[in-house]
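Structural overview for review
If you want the building blocks of each chain, they are given just below.
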Amino acid sequence: MASTTELDHVKAVWQHMRSNSPIYNFLLSELEVVSATKGSVTSHLTLGPKQMNSSGTIHGAVSAAIVDMSGGLAICSHGLEKSGASIDIHVTYIGQAHVGETIAIESTANKVGRMETCKICAQELKIELEPDDFDEATSSTVGAGQTAPDDLLLTCGCHFHWQCLLDESPQIAISMLCPSCSSIISGATSEQPQVITRYHNEGGVQENLDILPLITEEAYLDANPTARPARAFLTMCAEGDVAGVVELLKAIEEDRDEDDMSPAELLRYQDPLDEMKTGLHMAIEKNQQEAAWLLLWLASSLPTAAFPDEVTQAAQVMNAGRETADAADIRSLRDVQHRTAEDWAQNMGGVWAGLVGAGVLRG
Ligand SMILES: [Zn+2]
Ligand SMILES: [Zn+2]
């Protein structure tokens, strides 16, 4: 009997709406609600002369009023007394209706709720875009105050800004609990634990995004802030960003605190989050030959004469000397499985097999 109750409720709401709105009372006074279930309302309206435009078909303003009103009734079918204001109405005209015809109006409201906000800062799930964030090619109007979605949804149903959640990484990495509702957010579907999320940003919606690697890294950096440049270094090795590596080393040399790693230490950093690989392991794994040569230049005892001319020239252009090469030879450093970079190169084959054969990777 629920539908009878909902029909009575929606009819009462419509009666109230009409008596409080001169426009509805004028344009839609003949409208009759004929059925209602939760989230779905059907009404009938027999058209008269007052709803016509000069061509004798239904006036656009009447259509818009119908959409506005029937949307409100569908929302009220969820048991609400008021539907709130429509902030955005879209009307597409696909046909015509004439005097004497009865039109059926079906409206649905699938989900009624308050706009979700970030569980940590309670702000809307949007981010203000920097003008730099715009793609000049696709965006003609670049200006301040533009926003993009920034909505990270955990499996517990809580929403967060990307940065607001990442700021909680140290706690999440230990507890694997939602920082808001304390539900377990890690999944055990694969051998590796995961924290599966849905992230909506200006690029669209990413389903099944595992953020655990990022949470782990952020938590690690929170505990070991001096490792931040080293982590940037490893990323550059993996991406083959040789100019980035040289710039980073120079920046560290120029502006270094007591606790910070020296350039020579940074070059020999071994990743505690990834099997203690060095940058050289990383460069070989990601097939970055330039980066591998640069690391040999900066952190191995390979004689300068053994380098190909283009490597030597590139190092000169970047003003990268070999003063950091004297400490431990990066080629001798082993990952957790005791593999050197040369062992990795052996497995990679291809050009790497050639370098192994030439002995340049032997520490
Ligand atoms: Zn937030
Ligand atoms: Zn939660």
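So, how was this worked out
Residues numbered from 1 in each chain as written. Chains lettered and ligands numbered in written order. Predicted model: local features only at pLDDT ≥ 70, side-chain atom pairs only at ≥ 80, totals over all residues. UniProt positions renumbered as here; feature names shortened; annotations may be inferred. Pairing = 2+ DSSP bridges. Helix = DSSP H or I, 4+ residues; strand = E, 2+ residues; numbered from the N terminus. Core = buried A, V, L, I, M, F, W, Y, C linked by C-beta atoms within 7 Å. Buried ≥ 20, exposed ≤ 12 C-beta atoms within 10 Å, placed from the backbone. Contact = placed C-beta atoms within 7 Å. Axes fitted to C-alpha atoms, helices over the stretch in contact; angles between N-to-C directions.

The name an unreviewed UniProt entry assigns to the protein is Putative esterase, from the organism Lachnellula hyalina. Comment text from UniProt for the protein, heading Sequence similarities (unreviewed entry), reads "Belongs to the thioesterase PaaI family."

A separate point is the pairing of strand β1 (residues 32-37). As paired strands, β1 and strand β2 (residues 40-46) are joined by five bridges and run antiparallel to one another. When the sheet's bridge partners are listed, A36 is paired in β2 with V41. What sits between β1 and β2 in their antiparallel hairpin is a turn of two residues, with G39 showing a positive phi close to 90°.

So, about the environment of W297. One can find W297 in helix α11 (residues 289-299). Note: C-alpha distance between W297 and G321 (24 residues apart in sequence) is 8.2 Å.

C237 and L295 are the most contacted members of the largest nonpolar core, which has 39 residues in total. Of all the secondary-structure elements, those providing two or more residues to this core are α7 (228-239), α8 (242-254), α9 (263-267), α10 (279-285), α11, α13 (341-348) and α14 (351-358). No other element matches the nine residues that α11 contributes to this core. Beyond its immediate chain neighbours, meaning those up to four positions away, C237 contacts V245, G279, M282, A283, Q288, A291 and L295. Counting residues in each nonpolar core, the second largest holds 18 residues, with V10, L28, L31 and M69 among its members.

Before going further, it helps to spend a moment on the environment of Q15. Tracing the backbone through its elements, the reader meets Q15 in helix α1 (residues 2-20). Residue class for Q15 comes out exposed when judged on the 11 C-beta atoms lying within 10 Å of it. As a C-alpha pair, Q15 and S29 span 14 residues in sequence and 9.5 Å in three-dimensional space.

What follows covers the sheet that holds β2. A sheet is described by the order of its strands in space; here three strands give the open sequence β1-β2-β3, paired in antiparallel fashion. Two strands in the sheet have a free side with no partner beyond their single neighbour: β1 and β3 (102-108). Shown here is a sheet whose adjacent strand axes are inclined to one another by a mean of 15°, direction ignored. Where β2 and β3 come together, seven bridges link them in antiparallel fashion.

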